[in-house]
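Architecture at a glance
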Amino acid sequence: MSEPSIVTDPADPRLADYTGLTDVELRRRREPAEGLFIAEGEKVIRRALDAGYRMRSMLLTAKWLGVMAEVIEAAEAPVHLVEPALAEQVTGYHVHRGALASMERKPLPQAAEVLAGARRVAVLEGLVDHTNLGAIFRSAAALGMDAVLLSPDCADPLYRRAVKTSMGAVFAVPYARLDPWPAALDTVRAAGFQLLALTPADHAVDLAEAAPHRLERAALMLGAEGDGLTRHALAAADRAVRIPMAHGIDSLNVGAAAAVAFYAVTAG
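The structure presented is a predicted model; accordingly, all values stated were derived computationally and were not measured. (Residues numbered from 1 in each chain as written. Predicted model: local features only at pLDDT ≥ 70, side-chain atom pairs only at ≥ 80, totals over all residues. Heavy atoms only, no water.)

**Some words on the sheet that holds strand S7 (residues 147-150)**
Strands belonging to one sheet form pairs held by backbone hydrogen bonds; the direction of such a pair is parallel or antiparallel. In spatial order, the strands read S8-S7-S6-S11-S9-S12-S10; together these 7 strands make up an open sheet with parallel pairing. A single partner strand is all that each edge strand has here, and the edge strands are strand S8 (175-177) and strand S10 (205-206). By the bridge criterion, 3 bridges tie S7 to S8 in an arrangement that is parallel. Note on S8: the bridge partner recorded for Leu149 is Ala176. Of the strands in this sheet, strand S6 (120-124), S7 and S8 touch helix H6 (residues 130-142), which is tilted by about 150 degrees from S7. In the packing of helix H11 (residues 254-266) onto the sheet, contacts are made with S6, strand S9 (194-198) and strand S11 (218-222), and the angle to S11 comes to roughly 170 degrees. (Pairing = 2+ DSSP bridges. Helix = DSSP H or I, 4+ residues; strand = E, 2+ residues; numbered from the N terminus. Contact = heavy atoms within 4.5 Å. Axes fitted to C-alpha atoms, helices over the stretch in contact; angles between N-to-C directions.)

Below is the structure:
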């Protein structure tokens, strides 16, 4: 058991992992380089631990001591107890969930590893919005997708906002980077997957007509909000598919489109 220690100085080096959490550019560079990520809230912390991530430390306010008692008792890492105002001063925002944990990253697997044994995967290009990325991982986990593959310029799935939006689903779905892009899509095709590119283009086949649930292995390609898949990614796909729209709406938010497509490819 790690006995909680009271910390009163925001400059205390023991709190270094939690400084400037609202500085996106800083954290995007720092966290992968230092091999850490931040889990926020009771459920997310527990899910990270259940997924085998090792805790570096935990930061709590007093009212969360009871809720997190089991985690504290099992923790080998230091637990820092702070006042809410100090937590806000260190992190840069009001930590309303009251519990943060700094976790160690695991080595990222190669694409071929996550494709082995998989039948339904998502391939994401250029998704830099952490909220959309987290929502897609949550849908992927809930709807039975086997893996997520990311282009090199996609956001970090372990960034705090993505983890929080996914409710920890980023820990449940294996993922890897495809690099170089889009040439590495050949790895997906070589593993027996048919590449289906989601696009609102007129030439695309309706998703229901494409019947992706009948394919032995299907990879659903989704692009960034607004721009969609690039022409290079579209050219690399085996087939263009679309979700039929009504009432003059031309497309869905990428998170919503992913959920619809994931259901279509896993149903039946």
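**Things to note about the sheet that holds strand S1 (residues 5-6)**
Reading across from one edge, S1-S4-S3-S5-S2 is the order of the 5 strands in this open sheet, with mixed pairing throughout. What marks the edges here is a single partner per strand, and that holds for S1 and strand S2 (36-40). As paired elements, S2 and strand S5 (residues 99-104) share 5 bridges and run antiparallel to each other. Paired with Ala39 across the strands is Ala101, a residue of S5.

**Some points on the pattern of salt bridges**
What the rule picks out here adds up to 16 salt bridges. Across the pair Arg46 and Glu70 runs a salt bridge whose closest N-O atoms are separated by 3.8 Å. On the criterion of sequence distance, the pair formed by Arg46 in helix H2 (residues 42-50) and Glu70 in helix H3 (residues 69-74) is long-range, its members being 24 residues apart. A residue is classified by how much of its surface remains accessible, and Arg46, at 23% relative accessible area, is partly exposed. Between Arg54 and Glu104 there is a salt bridge, and its shortest N-O distance comes to 2.7 Å. With a gap of 50 residues between them, Arg54 in the loop between H2 and strand S3 (55-60) and Glu104 in strand S5 connect regions that are remote in the sequence. One salt-bridge network, held together by shared partners, links Asp17, Arg30, Glu34 and Arg56. (Salt bridge = Lys/Arg side-chain N within 4 Å of Asp/Glu carboxyl O. Buried < 20%, exposed > 50% of the residue type's maximum accessible area, 1.4 Å probe, protein only.)

**Looking at the packing of H6 against H11**
It is at 9 Å that the axes of H6 and H11 come closest, and there the two elements cross at 15 degrees. With respect to H11, the element H6 is oriented roughly parallel. Our pair here, H6 against H11, has a crossing hand that is right-handed. Where H6 abuts H11, its residues Asn132, Ile136, Ser139 and Ala140 lie against Val254, Gly255, Ala258, Ala259 and Phe262. Here the contact of H6 with H11 is built from residues that sort into 6 nonpolar, 3 polar and no charged. (Parallel < 35°, antiparallel > 145°, perpendicular 65-115°, else oblique. Left-handed = near helix turned anticlockwise from the far one by under 90°. Nonpolar A, V, L, I, M, F, W, Y, C, P; charged D, E, K, R; others polar.)

**Examining the nonpolar core**
Judged by nonpolar contacts, the single largest core of 56 residues is most densely connected at Met58 and Leu124. Of all hydrophobic cores here, the second largest spans 21 residues; its members include Leu115, Val123, Leu178 and Met221. (Core = buried A, V, L, I, M, F, W, Y, C linked by side-chain atoms within 4.5 Å.)

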